[in-house]
Amino acid sequence: MSSSPARGLVSSSLAGPLVCSGPAEALVSSGPAGSLVSSSPAAGALVSSGPAGGMVSSGALVGSGALVSSGPAEALVSSGPAGDLGASGPAGALVGCVTSQISAIHLTRQGRPSSPSPTDNNPSGDAQRQDAVMQVDGAEEELPDELENACSDDDDSDCLSIIGTSSTASIALSGVEDQMSLGTEDEREERPALVPSLFPFFPPTLYFSSATEKVELLPAEQRRLLKWKISTVTPNIVKHTVSRSHFKVTKKSHDWLGCWGHHMKSPGFKAIGEHQKLNHFPGTFQIGRKDRLWRNLSKMQVRFGKQEFSFFPRTFVLPQDIKLLRKAWEDGGSRQKWIIKPPASARGLGIQVIHRWSQMPRKRPLLVQKYLHKPYLISGNKFDLRIYVYVTSYDPLRVYVYSDGLVRFASCKYSSSMKTLGNKFMHLTNYSVNKKNSEYQTNSDDKACQGHKWALKALWTYLGAKGVNTTLIWEKIKDIVIKTIIASEPYVNSLLKMHVRTPYSCHELFGFDIMLDEKLKPWILEVNISPSLHSNSALDVAVKGQMIRNLLNLAGFRIPQKEDVVAPGNSSSSASSSTSSLCGGIREKMKHDLTADEKVKRAFYLTQRFAEQDFLSTVLDVLTPEDVRVLAESEDEFSRLGQFERIFPSPASSRYLRFFECPRYLNLLLDQWEQRFSSSRTKGLSLLTRLCEKGVHLGTSDPAHMWSKSSYRPEPEPQRHQVETSRPRVVVTHQRRPRLHGDEDDDDDDDDDGGSDREAASVSSLPVSPSPGSSVSSSTCSSPPPGLGQSSSL
């Protein structure tokens with residue numbers, strides 16, 4: 001035991017209890033059994049649990065999140081290696097989830113060498129390795145989304161990369177966020193650590209539990225691979241969720257499986273290994289920055305009309321649009337209101353509502369929008385909706401929306417008077433703004449319609465009771481989400497092809513901010529590429545905690561083979577036999593380039609851009625190995641939905657295919673699959689199971705799964721807007737195949753830049769219809785802004 005006037009530091013021993021006492025602040029590091037004991041009669045001791053779950057505290061705790069437990073100031077005895085709990089004191093021991101009453105505890109790496117933990121050599125691996133001390137902090141960090149949009153800049157942004165850096169490793173424990181019920185671990189339901197695939201010869205995925213469940217321990221050899229990279233913006237709610245699945249913190253750049261961190265420069269994605277998964281795609285700043293969002297949506301509006309893209313207010317980006325804005329201002333009269341926003345900011349910073357030209361700032365980039373001055377009000381207050389949108393893949397595009405969200409109210413009743421425009425508590429709905437108002441009312445009940453923050457489901461209940469068609473509002477919101485994600489699609493896919501080794505490595509959570517006007521029409525306000533997951537109330541935990549758990553299960557984290565995570569330059573690459581057995585020993589077999597046959601099939605269907613449904617449905621008649629793999633992966637993902645809803649692809653998403661700047665074969669494939677099997681999913685699963693049992697997805701020479709060898713040949717449909725009919729359409733013949741085989745050598749290194757362009761060139765000599773919008777090569781797609789090369793959609 002150690003004691004000092006300011007701070008007590010106690011290091012762990014293998015068997016004994018840990019006790020710390022200091023008049024000001026107790027800092028404690030855990031032993032292998034995870035037992036932490038602290039006593040401080042002055043400033044209050046904060047206590048956290050290790051893997052064994054034993055937590056005991058003694059003495060009166062003072063301050064935020066104070067906890068008073070049994071006994072006076074004497075030390076309480078905690079668990080040894082066996083994990084049994086003992087305590088002394090008049091009232092007995094407090095066992096179980098003490099963290100549900102603790103404000104916050106951070107484990108932060110100190111700037112001095114730490115002694116190795118004895119648990120490093122413990123084969124059971126049950127106790128978490130501690131190379132840090134616990135630093136007491138009165139509250140969780142206030143800016144979890146500090147880089148929400150400020151780091152959503154283009155490739156010249158100065159956002160820090162988490163790859164290859166030794167960021168401060170921390171596990172933050174917050175009482176509000178860890179809602180485990182009191183009781184021993186044995187009372188919680190144990191769940192398997194792995195979720196098996198629906199299909200044979202596909203690897204299982206890791207299971208992420210709720211706080212009322214516990215996850216079984218994997219064998220030590222696999223458990224050592226469960227490493228999570230912590231960054232300075234990793235939310236506590238993510239740390240809690242991954243720790244329940246027995247992940248350990250790592251500061252290395254090569255051995256982590258998952259990371260929730262900063263957005264970063266696109267070339268930084270090249271450093272991500274094929275076994276690693278980061279919570280961002282390159283290029284999503286194209287909708288995450290306010291100016292890029294409006295540029296891209298405006299481009300879609302010009303191309304497809306206001307009837308399809310009328311869900312965002314009239315917007316000007318300054319200084320480029322200053323003359324257009326001045327004309328619109330003069331034409332609109334003196335009673336109009338405008339809202340000005342910095343293009344790359346968050347939490348309401350720099351936002352103003354103005355009505356005079358003289359109020360317009362001149363010396364910085366700005367976004368200027370027509371103010372939605374007639375919002376729908378509840379009890380006289382303005383509000384907006386935070387909708388959680390999750391994208392697991394951009395090619396094929398798979399978009400999910402969470403069934404719950406947050407409703408954030410302005411804390412002052414709304415008035416349209418010009419005199420009130422300076423009142424941010426009236427006109428802004430940001431929580432970070434309104435919490436500073438003395439009139440702000442909190443709400444901890446996710447089912448209650450009270451206070452200035454509600455759950456989205458509570459809003460639907462409230463509106464439904466008033467006779468509002470909430471299903472129609474929800475459908476309109478999903479329409480906005482799909483179209484906005486599609487607006488970013490060409491940029492993201494271009495950068496993915498250039499900088500990311502495998503589609504597995506990227507996924508992203510977006511926070512869409514939506515406002516309802518007086519007619520209940522939804523309008524998009526902005527898109528956050530790092531939405532705040534800070535949880536300071538039971539309401540936040542109920543919504544965000546469950547959402548993150550569902551998201552991580554949907555993400556499909558896999559245990560890699562041991563050789564995938566060796567340090568660079570390490571020649572030791574012998575595979576773990578047990579790890580290989582978990583994956584069915586087939587992961588390497590699943591890594592293959594497209595065959596010439598698959599390239600020809602894709603080119604054929606992409607040229608038929610205006611084909612009728614009967615023709616497009618034939619894409620499912622001959623399923624190639626890559627077709628089977630993608631369809632099975634999609635169905636596996638669909639089986640892990642939880643409370644997410646997949647909105648693209650869906651049975652009704654065919655209408656959105658025309659909004660893609662570049663048509664993509666896999667989007668067509670999944671769209672046709674949904675149309676054929678969404679109403680009879682069991683039939684589709686049975687088909688895929690039979691094909692996977694035969695190993696078709698691993699590669700096959702069976703002519704039944706080689707499109708160009710099939711005796712069946714679909715006839716292209718006559719295309720609309722035909723300009724010339726004398727030239728032949730696409731005809732795939734066996735005589736063409738030698739040329740494609742000869743071109744295969746050029747595709748050996750297609751993994752990185754420009755591979756798909758060479759792939760397109762190999763089939764571009766086929767005769768094609770000159771119909772507008774129909775082409776095999778990437779010339780079909782208009783180019784993104786300078787610096788973003790557009791790749792082929794094959």
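Residues numbered from 1 in each chain as written. Predicted model: local features only at pLDDT ≥ 70, side-chain atom pairs only at ≥ 80, totals over all residues. Heavy atoms only, no water.

Undergrad: Tell me what's going on with the overall build of the chain, and back it up with residues and numbers.
TA: Helix and strand counts for the chain stand at 19 helices and 25 strands. Each of the 794 residues in the chain was classed as buried or not, and the buried ones make up 57%. Within the chain, contacts between residues at least 6 apart in sequence are counted, and of these 69% link residues at least 24 apart. Within the structure as shown, the chain displays about 31800 Å² of accessible surface, and the carbon and sulfur contribution to it stands at 52%. (Helix = DSSP H or I, 4+ residues; strand = E, 2+ residues; numbered from the N terminus. Buried < 20%, exposed > 50% of the residue type's maximum accessible area, 1.4 Å probe, protein only. Contact = heavy atoms within 4.5 Å. Areas by Shrake-Rupley, 256 points an atom, 1.4 Å probe, with all protein chains shown as cover.)

Undergrad: If you had to explain the packing of aromatic side chains to someone new, which residues and values would you point to?
TA: Per the counting criterion, the structure on display carries 31 aromatic pairs. Where Trp 294 meets Phe 312, the ring centres are 6.0 Å apart and the plane angle is 35°; that geometry is what we call tilted. With Trp 294 in helix H4 (residues 290–304) and Phe 312 in the loop between H4 and strand E16 (315–318), this pair connects stretches of sequence that are 18 residues apart. Just as Trp 294 is buried, Phe 312 falls in that class too. (Phe/Tyr/Trp six-rings, centres within 6.5 Å; stacked < 30°, edge-to-face > 60°.)

Undergrad: Mind laying out empty space enclosed by the protein, listing which residues take part and the relevant values?
TA: Counted according to the given criterion, the structure contains 10 cavities of 30 Å³ or more. As a volume, the largest cavity reaches approximately 230 Å³. Its residues assigned to classes, the lining of the largest cavity shows 8 nonpolar, 4 polar and 7 charged. (1 Å grid on protein atoms, 1.4 Å probe; cavity = no way out; pocket = protein on both sides within 12 Å on 5 of 7 lines; lining within 4 Å. Points joined across faces, edges and corners; volume = space filled by probe spheres on them. Nonpolar A, V, L, I, M, F, W, Y, C, P; charged D, E, K, R; others polar.)

Undergrad: Requested: an account of helix H16 (residues 665–677), with residues and values cited.
TA: Over its 13 residues, H16 extends 18 Å from the first C-alpha to the last, a length consistent with the 18 Å expected when each residue adds 1.5 Å. In terms of residue burial, H16 counts as a mostly covered element, since 11 of its 13 residues are buried. All of the buried residues in H16 are Tyr 665, Leu 666, Asn 667, Leu 668, Leu 669, Leu 670, Asp 671, Gln 672, Trp 673, Glu 674 and Phe 677. The secondary structure elements touched by the buried residues of H16 are strand E21 (397–409), helix H13 (596–607), helix H14 (613–616), helix H15 (625–638), strand E25 (644–648) and helix H17 (681–693). (Expected span 1.5 Å × (residues − 1).)

Undergrad: Tell me what's going on with the packing of H4 against helix H9 (residues 470–499), and back it up with residues and numbers.
TA: Packed helices, taken two at a time, are described by the angle between their axes plus the distance between the axes. Relative to each other, H4 and H9 sit at 100°, their axes nearing to 10 Å. On the basis of the axis angle, H4 is roughly perpendicular to H9. On the side of H4, the interface is formed by Leu 293, Asn 296, Leu 297, Lys 299 and Met 300, while H9 contributes Lys 483, Thr 484, Ile 486, Ala 487 and Tyr 491. Broken down by class, the residue content of the contact of H4 with H9 amounts to 6 nonpolar, 2 polar and 2 charged. (Axes fitted to C-alpha atoms, helices over the stretch in contact; angles between N-to-C directions. Parallel < 35°, antiparallel > 145°, perpendicular 65-115°, else oblique.)

Undergrad: Residues and numbers for the nonpolar core, please.
TA: Residues Leu 385, Ile 387, Leu 459, Ile 485, Phe 510 and Ile 524 are the most contacted members of the largest nonpolar core, which totals 63 residues. Elements supplying a minimum of two residues to this core: H4, strand E20 (383–394), E21, helix H8 (456–465), H9, strand E23 (508–516), strand E24 (522–528) and E25. By residue number, the principal contributor to this core is H9, which donates 11 residues. Setting aside residues up to four positions removed in sequence, Ile 524 forms contacts with Trp 294, Leu 297, Phe 311, Phe 312, Pro 313, Ile 480, Thr 484, Phe 512, Asp 513 and Ile 514. Judged by nonpolar contacts, the second largest core, of 41 residues, contains Leu 225, Tyr 390, Leu 406 and Val 565. (Core = buried A, V, L, I, M, F, W, Y, C linked by side-chain atoms within 4.5 Å.)

Undergrad: I'd like a rundown of the sheet that holds strand E17 (residues 338–341), residues and numbers included.
TA: If you walk across this open sheet you meet the 4 strands as E16-E19-E17-E18, and the pairing is antiparallel. Two strands in the sheet have a free side with no partner beyond their single neighbour: E16 and strand E18 (352–354). The mean angle between the axes of side-by-side strands here comes to 25°, regardless of whether they run parallel or antiparallel. Judged from the 3 bridges that link them, E17 and E18 form a sheet pairing that is antiparallel. Its bridge partner being in E18, Trp 338 is matched across the sheet by Ile 354. (Pairing = 2+ DSSP bridges.)

Undergrad: For the pairing of E17, give the residues involved together with the corresponding values.
TA: What you see with E17 is no split at all: Trp 338 and Ile 340 on one side and Ile 339 and Lys 341 on the other are buried throughout. In this structure, E17 lies alongside strand E19 (residues 366–370), joined through 4 bridges in antiparallel fashion. Along E19, the bridge assignment pairs Lys 341 with Leu 367.

Undergrad: Before we move on, could you go through the packing of helix H2 (residues 236–244) against helix H10 (residues 538–555) and cite the residues and values that matter?
TA: Interhelical geometry of H2 versus H10 gives an angle of 50° and a closest axis separation of 10 Å. In terms of orientation, H2 lies oblique with respect to H10. With respect to the hand of their crossing, H2 and H10 are arranged in right-handed fashion. Residues Ile 237, Val 238, Thr 241 and Val 242 of H2 form the contact with H10, whose own contacting residues are Val 541, Lys 544, Gly 545, Ile 548, Arg 549 and Leu 552. Taken together, the residues of the contact of H2 with H10 break down into 6 nonpolar, 2 polar and 2 charged. (Left-handed = near helix turned anticlockwise from the far one by under 90°.)

Undergrad: Describe the sheet that holds strand E12 (residues 227–230), with residues and values.
TA: Strand order in this open sheet of 4 strands is E13-E12-E14-E15, and the pairing throughout is parallel. A strand with exactly one partner marks an edge of an open sheet, and here the two such strands are strand E13 (248–250) and strand E15 (277–278). Bridge analysis of E12 against E13 gives 3 bridges, and the strand direction is parallel. Directly across from Lys 227, in E13, lies its bridge partner Lys 248.

Undergrad: Residue-level account of the pattern of salt bridges, with values.
TA: In this structure the tally under the stated criterion is 33 salt bridges. Across the pair Lys 447 and Asp 446 runs a salt bridge, and its minimum N-O distance is 3.8 Å. The exposure class of Asp 446 is partly exposed, given its relative accessible area of 25%. Residue Glu 645 pairs with Lys 478 through a salt bridge whose shortest N-O separation is 2.7 Å. Note that Glu 645 is positioned in strand E25 and Lys 478 in helix H9, a separation of 167 residues in sequence. Ionic contacts of the salt-bridge type, sharing partners, join the residues Glu 308, Asp 479, Lys 483, Arg 655 and Arg 658 into one network. (Salt bridge = Lys/Arg side-chain N within 4 Å of Asp/Glu carboxyl O.)

Undergrad: Explain unusual backbone geometry residue by residue, including any values.
TA: Trans peptide bonds make up the majority, and among non-glycine residues the majority have a negative phi. Residue Pro 396 is bonded to the preceding Asp 395 through a cis peptide linkage, with omega at 5°. Within the element layout of this structure, Pro 396 appears in the loop between E20 and E21. Of note, the bond from Phe 648 into Pro 649 is cis; its omega dihedral lies within 30 degrees of zero at -5°. In this structure, Phe 201 takes a positive phi of about 65° despite not being glycine. Tracing the sequence through the fold places Phe 201 in the loop between strand E9 (194–195) and strand E10 (205–206).

Undergrad: Provide a residue-level description of the environment of Lys 447, including the pertinent values.
TA: Locating Lys 447 in the fold gives a position in the loop between helix H7 (431–434) and strand E22 (453–455). A relative accessible area of 68% places Lys 447 in the exposed class. Separated by 10 residues in the primary sequence, Lys 447 and Lys 457 have C-alpha atoms spaced 7.4 Å apart.

Undergrad: Residues and numbers for the confidence of the model for the chain, please.
TA: Scored by pLDDT, the chain has a mean of 72; 62% of the residues are at 70 or more. Segment residues 1–175 is flagged for pLDDT under 50; beyond a separation of four residues in sequence, or across chains, it makes 394 contacts in the model. Ignoring residues within four places in sequence, the model shows residues 177–183, a span with pLDDT below 50, making 25 contacts including any to other chains. (pLDDT = per-residue confidence, 0-100.)

Undergrad: I'd like a description of the environment of Gln 352, backed by residues and values.
TA: Mapped onto the elements of the fold, Gln 352 is located in strand E18. Taking C-alpha positions, Gln 352 is 6.9 Å from Lys 341, a pair spaced 11 residues apart along the chain. In contact with Gln 352, other than residues within four places in its own chain, are Trp 338, Ile 339, Ile 340, Pro 361 and Arg 364.

Undergrad: Can you lay out the pairing of E16 for me, pointing to particular residues and giving the numbers?
TA: With burial as the criterion, each face of E16 is covered, one bearing Thr 315 and Val 317 and the other bearing Phe 316 and Leu 318. Strand direction decides the pairing type here: E16 and E19, joined by 4 bridges, are antiparallel. The residue of E19 that forms the bridge with Phe 316 is Val 368.

Undergrad: Before we move on, can you summarise H9 with the specific residues and values?
TA: Taking 1.5 Å per residue, 30 residues should reach 44 Å; H9 reaches 41 Å between its end C-alpha atoms and fits that length. Of all the bends in H9, the largest measures some 45° and sits at Glu 489, one to four residues before the proline Pro 490. The buried fraction of H9 is high, at 25 of 30 residues. (Bend = angle between axes of the 7 residues up to and from the residue.)

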